[in-house]
Amino acid sequence: MNSNLSYFQAERDAKNMLTERQIDPDAVNFILEMMHDWTTAERIAHNRELMSEDELKRFKMAIDRVASYEPPQYVVGRAPFYGRTFIVSRSVLIPESETEELVDWVLHDNQDDQPLEVLDLGTGSGVIGITLANERPHWKLTMSDVSTDALRVAKANQILHGASGQLVASDMFDQLGDRQFDLIVTNPPYVATTAVDELDEAVRDYEPGLALFAGQDGLDFYRRLFDQLRDHLKPGGKLYGETGYDQEDGIKKLAVAKLPDCELTTRHDIADRMRMIKICG
């Protein structure tokens, strides 16, 4: 049975409510498109149609969750990344555009003509490793995470996208033995515990702290990684990692202290803030 509201009217009312609460009204479009697997054009094409009562009820419940600052990706359980849609839950971070830039850097630096051994360290939902596996079929991917809940999400995404690769429950390299890799790619925890009050409510209240925080300066993960990197990176191998926007000086000093014979390259985002590093062994 249809309601008295068209898609356009329901969108308008929902956007007004979110705007009043200073929440991005574009979340409304995202919710509808993900609910129906619609493109933007398809969503607009349905504007004049009346929503069914059941759908309107589900839509309003979803918008109420967003209005309570829950990220819309968690509400629908899905998030786009690098042209694919991935399953997400509150056990994993929501993939961001900076991580797409990191993947782009890896792909442009390394072609598909070599069967490279690649580790996605701290894989979370698996977006990095699965994207690399599908874009570079000759690479041999391993995806590891300390969180078994995260690995369950990664496994679901691996099946969804038909990606090859081994999943390993491991704290850093603990369960990887003496394996060495040509490439290690990581989007690790890098938020300082002292910066918790600066985070958006949606991030602070809903995204997993295990994947966010790394000590008082946000560099604890990289300290451990740099201490062990020589044992797990092949000669001539490369590490690519995402960082916080305010960590350029800190991570440079850390690399000089712990990896003095390696070359560190940083990359800035569109706002000219350092967000990525590459270390050549």
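Residues numbered from 1 in each chain as written. Predicted model: local features only at pLDDT ≥ 70, side-chain atom pairs only at ≥ 80, totals over all residues. Heavy atoms only, no water.

Identification of the protein chain as peptide chain release factor N(5)-glutamine methyltransferase from Candidatus Limosilactobacillus merdipullorum is taken from an unreviewed UniProt entry. UniProt, in the comment section headed Catalytic activity (unreviewed entry), describes the protein chain in these words: "L-glutaminyl-[peptide chain release factor] + S-adenosyl-L-methionine = N(5)-methyl-L-glutaminyl-[peptide chain release factor] + S-adenosyl-L-homocysteine + H(+)". (UniProt positions renumbered as here; feature names shortened; annotations may be inferred.)

Student: Can you walk me through the sheet that holds strand β10 (residues 263-268) in this structure?
Tutor: Picture the strands of a sheet paired through backbone hydrogen bonds; they go either parallel or antiparallel. The strand order β7-β6-β5-β8-β9-β11-β10 describes an open sheet built from 7 strands, whose pairing is mixed. In this open sheet, the two edge strands, each paired with only one partner strand, are β7 (166-169) and β10. Across the sheet, the mean angle separating the axes of adjacent strands is 20 degrees when strand polarity is ignored. Against the sheet, helix α11 (residues 248-258) engages β10 and β11 (274-280), with an angle of about 170 degrees to β10. (Pairing = 2+ DSSP bridges. Helix = DSSP H or I, 4+ residues; strand = E, 2+ residues; numbered from the N terminus. Axes fitted to C-alpha atoms, helices over the stretch in contact; angles between N-to-C directions. Contact = heavy atoms within 4.5 Å.)

Student: So what exactly am I meant to see when it comes to the UniProt feature "domain: Methyltransferase small" (unreviewed entry) in the protein chain here?
Tutor: The feature "domain: Methyltransferase small" (unreviewed entry), as given by UniProt, occupies residues 116-196 in the numbering adopted here. For residues 116-196, the helix share is 28%, the strand share is 26%, and the end-to-end C-alpha distance is 38 Å.

Student: Just to check I follow, could you spell out the packing of aromatic side chains for this structure?
Tutor: Describing an aromatic ring pair means giving the distance of the ring centres and the angle of the ring planes. As enumerated under the stated definition, the model contains 6 aromatic pairs in all. Ring centres of F81 and Y82 lie 6.4 Å apart, and the angle between their planes is 40 degrees; this geometry places the pair in the tilted category. On the accessibility criterion, F81 (0% relative accessible area) is buried. An aromatic cluster of at least three residues, connected via ring pairs, comprises F81, Y82 and F86. Positioned above the aromatic ring of W139 is the side chain of R136, whose terminal nitrogen or guanidinium carbon lies 5.8 Å from the ring centre. The ring of Y245 is capped by R273, whose NZ or CZ atom sits 5.0 Å from the centre of that ring. (Phe/Tyr/Trp six-rings, centres within 6.5 Å; stacked < 30°, edge-to-face > 60°. Buried < 20%, exposed > 50% of the residue type's maximum accessible area, 1.4 Å probe, protein only. Lys NZ or Arg CZ within 6 Å of the ring centre and 35° of its normal.)

Student: Just to check I follow, could you spell out the UniProt feature "domain: Release factor glutamine methyltransferase N-terminal" (unreviewed entry) in the protein chain for this structure?
Tutor: Within this structure's numbering, the places UniProt gives as "domain: Release factor glutamine methyltransferase N-terminal" (unreviewed entry) are residues 10-77. Here residues 10-77 is 71% helix and 4% strand, with 21 Å between the C-alpha atoms at its ends.

Student: I keep staring at the pattern of salt bridges and nothing clicks. Help me out?
Tutor: Side-chain pairs of opposite charge can arise where the charged atoms are in close proximity. One pass over the structure, following the stated rule, counts 21 salt bridges. The partner of E70 in a salt bridge is R65, and the shortest N-O contact between them spans 2.7 Å. Its salt-bridge partner being E135, residue R84 comes within 3.0 Å of it at the nearest N-O pair. A residue pair is termed long-range when its members are at least 10 positions apart, and R84 in strand β4 (residues 84-87) and E135 in helix α7 (residues 127-135) qualify at 51 residues. On the basis of relative accessibility, which here comes to 18%, the residue R84 falls in the buried class. Taken together, the salt bridges that share partners define one network made up of E11, E33 and R43. (Salt bridge = Lys/Arg side-chain N within 4 Å of Asp/Glu carboxyl O.)

Student: When you look at the pairing of strand β6 (residues 140-145) in this model, what are you seeing that I'm missing?
Tutor: On any regular strand, side chains alternate: one points to one face of the sheet, the next to the other face. Counting buried positions over the 6 residues of β6 gives 5, a clear majority of the element. As paired strands, strand β5 (residues 117-121) and β6 are joined by 5 bridges and run parallel to one another. Paired with V118 across the strands is L141, a residue of β6. In terms of handedness, the path from β5 via α7 over to β6 forms a crossover that is right-handed. (Right-handed = clockwise from strand over helix to strand, strands pointing away.)

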